[in-house]
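Commentary on secondary and tertiary structure
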Amino acid sequence: MVQENKLTPHDLIWPLFITSGNNVEEAISSLPHVSRWSVDLIVERVKEAIDLNIPCIALFPNTPSDKRTVNGEESSNADNLMCQAIRAIRDACGDDIGILTDVALDPYTSHGQDGIIDDNGYVLNDETVSALVDQAINQAQAGADIIAPSDMMDGRIGTIRKALEMHEFHNVQIMSYAAKYASAFYGPFRDAVGSNGLLKGDKKTYQMDPANSDEAIREVAMDISEGADSVMVKPGMPYLDIVKRVHNELNIPVYAYQVSGEYAMIEAAVATGAADREAIVMESLLAFKRAGASAILTYHAQYAAKLLQH
Ligand code: PBG
C-alpha cells in the first residue's frame with residue numbers, strides 16, 4: 001500500500017536482434033539466452049511481447065558482412081534487414097506494438113564506427129548527420145513509430161525532425177539517445193550486431209565522458225530544444241544519477257537502457273550462484289523506476305514481463 005514505485009510490463013521495451021534468412025536463430029555467446037532471429041521469427045517474438053503487454057520493441061540488425069561498407073550505405077536501403085523486419089511486424093501485428101528503430105551507422109559500416117570517418121578514422125559530424133537523416137526517413141517509410149538516434153552526433157535531432165516533417169511523417173516520434181556514455185558496458189551488443197571484430201579504437205570523440213553529469217543535462221536540453229519527444233540515458237544502472245537528474249530537471253519522458261554488459265553481469269552472477277535471477281532482475285528494474293525512468297530497455301523484458309503478469 002505504501003510502495004512508492006511499481007514495475008509493470010508497460011514499463012518495458014524489448015531489444016531484438018535481426019539476422020538474415022528464414023527460421024534462423026543464432027545464439028550470442030556473450031549474451032546468454034539472447035539470440036538473433038530471422039525476420040519470420042522476430043515476428044513470433046513480437047507476438048509474444050504483445051501477449052505480455054510489452055508496449056514497444058527496439059530493433060537492431062546484424063548486417064551481413066558483404067553489405068558493410070566504409071560509408072554504411074546499406075543503412076538507407078529500403079530493403080535492408082531493419083526495413084524487412086519493420087514491414088513484417090506491421091503486416092502481422094498492425095498497431096498492437098510500438099516499433100522503435102535504432103539510427104546509427106555502426107551495424108552497416110566496415111569499421112564499426114557510428115558515423116562516416118575521415119582518412120584518420122575520425123568521425124565527421126555533419127557528413128554523418130546527413131546519412132542519418134536518410135536512414136531515419138528510410139525507417140519511417142517502412143513503418144517505424146519511434147526513430148531512435150543512438151549515434152551522439154550534434155544537431156541530428158533537429159535535422160531529422162525537419163526531414164520527418166518534410167516527408168509528412170508528423171506522427172513519427174523521436175527518442176534521442178541524448179546522454180550516451182563512452183562505456184565499457186557495450187561489448188556484448190557489439191558481438192550481437194557483428195561490429196566488435198571490426199571496431200578499432202573507441203567512440204570517445206562522440207560519446208560522453210563517464211566523469212560528466214552537467215554535460216549530460218546540456219546534451220539532453222539541446223535535443224529537447226531540437227524536437228526530441230523523449231530521451232534516453234545509457235548505460236543504465238551505473239548512470240541512475242543521470243536518469244534522476246534528467247527526470248527532475250527537464251520534465252520529459254526519460255528512458256533508461258540496461259545495456260548488454262549489465263545484462264551479461266547479471267547473468268554471470270546467476271550462473272555462478274551468486275544471485276537469484278528473479279530477485280536480481282526485478283530489483284534492478286525497479287531501481288530504474290525509483291530513479292524516474294518512464295520505461296526501461298532491457299534484454300530481460302520478456303522474462304520480467306512474464307513474472308509481472310499477476
Ligand atoms: C550503437 C549502439 C550501441 C548500443 C545501442 N546502439 C553500441 C555502441 O554505441 O557501441 C549498445 C546497447 C547495448 O550495449 O546493449 N549505436
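Quick note: structure is the one above.
Residues numbered from 1 in each chain as written. Predicted model: local features only at pLDDT ≥ 70, side-chain atom pairs only at ≥ 80, totals over all residues. Heavy atoms only, no water.

**Details of the nonpolar core**
The test is simple: Take the buried Ala, Val, Leu, Ile, Met, Phe, Trp, Tyr and Cys residues and link them wherever side-chain atoms come within 4.5 Å; each set so joined is a nonpolar core. Here's how the labels work: a residue is buried when its accessible area is under 20% of the maximum for its type, exposed when over 50%, partly exposed in between, all with a 1.4 Å probe on protein chains only. Strands here are runs of E lasting at least two residues and helices are runs of H or I lasting at least four, both read from the DSSP assignment and numbered beginning at the N terminus. Residue contacts follow a heavy-atom distance rule, with two residues in contact if any of their heavy atoms lie within 4.5 Å.
Counting 82 residues, the largest nonpolar core has I57, L59, I89 and V246 as the members making the most contacts within it. Residue contributions to this core peak at 8 residues, all from helix α3 (residues 125-142). When sequence neighbours within four positions are dropped, the list of residues in contact with V246 reads I217, V220, V231, V233, N251, I252 and V254. With 25 residues, the next largest nonpolar core counts V34, M175, M232 and L297 among its residues.

**What about helix α1 (residues 39-51)?**
As a reminder of what qualifies: Expected span of a helix, by definition, is 1.5 Å for each gap between consecutive residues, and there is one gap fewer than residues.
When the terminal C-alpha atoms of α1 are compared, their 19 Å separation across 13 residues agrees well with the 18 Å that a helix rising 1.5 Å per residue should span. Structurally, α1 contributes buried residues whose contacts are with β1 (12-19), β2 (25-27), β3 (35-38), β4 (56-61) and α2 (81-93).

**Quick word on the pattern of salt bridges**
The condition that has to hold: A side-chain nitrogen of Lys or Arg and a carboxyl oxygen of Asp or Glu constitute a salt bridge if their distance falls within 4 Å.
Scanning the model with the defined rule gives 15 salt bridges in all. As a salt-bridge pair, D229 and R161 come within 2.6 Å of each other at their nearest N and O atoms. Of this pair, D229 sits in the loop between α6 (214-225) and β8 (230-234) while R161 is found in helix α4 (residues 156-166), placing the two residues 68 residues apart along the sequence. By relative accessible area, R161 is classed as buried at 15%. Through salt bridges with shared partners, a single network forms among R90, D95 and D145.

**Observations regarding the layout of surface pockets**
Threshold: Both site types are read off a 1 Å grid over the protein atoms alone. A 1.4 Å probe that fits but cannot get out defines a cavity, while an open set with protein on both sides within 12 Å along at least five of seven lines defines a pocket; lining residues have an atom within 4 Å of a point. Grid points are joined across faces, edges and corners, and a volume is the space filled by probe spheres set on the points.
The space that makes up the largest pocket amounts to roughly 240 Å³. Lining the largest pocket are 16 residues, and of these H33, V34, Y263, Y299 and Q302 lie nearest its centre. Breaking the lining of the largest pocket down by element, the ones donating at least two residues are β1, β3, α8 (260-271) and α10 (301-307). Here the lining of the largest pocket takes 3 residues from β1, the largest share from any one element.

**Quick word on empty space enclosed by the protein**
One simple way to see leftover space: roll a probe sized like a water molecule over the atoms. Applied cut-off: Each residue is assigned to one class: nonpolar for Ala, Val, Leu, Ile, Met, Phe, Trp, Tyr, Cys and Pro, charged for Asp, Glu, Lys and Arg, and polar for all the others, Gly among them.
Within this structure, the stated rule accounts for 1 cavity of 30 Å³ or more. Its volume calculated, the largest cavity comes out at about 130 Å³. If you trace the largest cavity, you find 17 residues lining it, with D106, K180, Y186, F189 and K234 closest to the centre. Here the lining of the largest cavity is composed, by residue class, of 7 nonpolar, 3 polar and 7 charged.

**Regarding unusual backbone geometry**
Between K234 and P235 the backbone carries a cis peptide bond, its omega angle lying at -5°. Here P235 shows up in the loop between β8 and α7 (240-250). Positioned with a positive phi, N53 is a non-glycine residue whose angle comes to about 65°. Summarising the element assignment, N53 is placed in the loop between α1 and β4. Looking at N53, the relative accessible area reads 39%, which means it is partly exposed.

**Re the pairing of strand β9 (residues 254-258)**
Which entries qualify depends on this criterion: Each pair of strands is called paired provided DSSP finds at least two bridges between the two strands. Look down the strands so they point away from you; if the path from the first strand over the helix to the second goes clockwise, the crossover is right-handed.
Burial of β9 is extensive: 5 of the 5 residues sit out of reach of the surface. By the alternation rule, side chains of β9 split into V254, A256 and Q258 and Y255 and Y257, which are all buried. Across 3 bridges, β8 lies against β9 in parallel orientation. Across the sheet, M232 pairs through a bridge with Y255, a residue of β9. A crossover connection joins β8 to the parallel β9 through α7; in handedness this β-α-β unit is right-handed. Sheet analysis places β9 next to strand β10 (residues 295-298), joined by 4 bridges and oriented parallel. In the sheet register, Y255 faces β10, and the bridge partner there is A295.

**Quick look at the site of the ligand**
Using the following cut-off: Proximity is defined per residue: any heavy atom of the residue falling within 4 Å of a molecule or strand makes that residue near it. A 3.5 Å cut-off defines polar contacts: any pair of N or O atoms within that distance qualifies, except that in protein one atom must be a possible hydrogen donor and the other a possible acceptor, and neighbouring residues in sequence count only when both atoms are side-chain atoms. Shrake-Rupley sampling with a 1.4 Å probe provides the accessible areas, and residues are treated as covered by the protein chains on show and by no other component. For this analysis, a molecule is said to be in a pocket or cavity if more than half of its atoms are within 2 Å of the grid points defining it.
Close to the ligand lie 17 residues; R190, K203, K234, S260 and Y299 are nearest. Within the side chain of D114, a nitrogen or oxygen atom sits 2.9 Å from a nitrogen atom of the ligand. In the model, a nitrogen atom of the ligand is placed 2.7 Å from a nitrogen or oxygen of the S150 side chain. Notes on the ligand: free accessible area 400 Å², of which the protein chains cover 100%. When atom positions are compared with the pocket grids, the ligand is found to occupy the largest cavity.

**A closer look at the environment of Q139**
Positionally, Q139 belongs in helix α3. For the pair formed by Q139 and S76, sequence separation is 63 residues and the distance between their alpha carbons is 8.1 Å. Once you skip the residues sitting within four places of it in the chain, Q139 turns out to touch M82, I86, T101, D102, V103, A144 and I147. A polar contact of 2.7 Å, which involves the side chain of Q139, links it to the side chain of T101.

**Structural notes on the pairing of strand β5 (residues 98-103)**
Summarising burial for β5: 6 of the 6 residues are buried, a large majority. Along β5, one buried face is formed by G98, L100 and D102 and the opposite face, lined by I99, T101 and V103, is buried too. As paired strands, β4 and β5 are joined by 4 bridges and run parallel to one another. Looking at the pairing, I57 lines up with I99 of β5. Regarding the hand of the β-α-β motif, the stretch spanning β4, α2 and β5 is right-handed. Crossover connection from β5 via α3 to parallel strand β6 (residues 146-149): handedness right-handed.

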